[in-house]
Amino acid sequence: MKRLTSFCAVLPLLLLAGCLEVDQHPQWLKGEYAGKDDNRHYQVRFHNDRLAWWAAVENRNQKQNEYNRANP
């Protein structure tokens, strides 16, 4: 009897836990994403200068090239 009582006490809590789930998918309006626009890295760090950003990436990649490091 005690087991049934405890089960009846916990059952509404379990049902409410399932009902409180919040939808986490972004809204779509007219076939487009309606969430926050994400800024590109070159827009934030390089003042919208895409060529400067690309040069920085290429420079970083060249420093990671093992052939250039072994034969300077």
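Described below are features of the structure shown in this document.

Reading the values: rules and limits
- Residues numbered from 1 in each chain as written.
- Predicted model: local features only at pLDDT ≥ 70, side-chain atom pairs only at ≥ 80, totals over all residues.
- Heavy atoms only, no water.
- Helix = DSSP H or I, 4+ residues; strand = E, 2+ residues; numbered from the N terminus.
- Expected span 1.5 Å × (residues − 1).
- Buried < 20%, exposed > 50% of the residue type's maximum accessible area, 1.4 Å probe, protein only.
- Phe/Tyr/Trp six-rings, centres within 6.5 Å; stacked < 30°, edge-to-face > 60°.

### Things to note about unusual backbone geometry
Here's step 1: Phi is positive for Lys30, which is not a glycine, with a value near 55 degrees.
Here's step 2: Assignment of secondary structure puts Lys30 in the loop between β1 (28-29) and β2 (32-33).
Here's step 3: A positive phi angle, close to 55 degrees, is found at His47, a residue other than glycine.
Here's step 4: By the secondary structure assignment, His47 is in the loop between α2 (41-45) and α3 (50-63).

### Some details on helix α1 (residues 2-19)
Here's step 1: Look at α1: 27 Å from first C-alpha to last across 18 residues, which is about the 26 Å you get at 1.5 Å a residue.
Here's step 2: Counting buried residues along α1, only zero of its 18 residues qualify, which leaves the element largely exposed.

### What to know about the packing of aromatic side chains
For any two aromatic rings, the description comes down to two numbers: the centre-to-centre distance and the angle of the planes.
Here's step 1: Counted by the stated rule, this structure contains three aromatic pairs.
Here's step 2: An angle of 70 degrees between the planes, with centres 6.2 Å apart, marks the rings of Trp28 and Tyr33 as edge-to-face.
Here's step 3: Here the aromatic rings of Trp53 and Trp54 are separated by 5.8 Å at their centres, their planes lie at 55 degrees, and the arrangement is tilted.
Here's step 4: Taken together, the aromatic side chains of Tyr42, Trp53 and Trp54 make up a single cluster linked through ring pairs.

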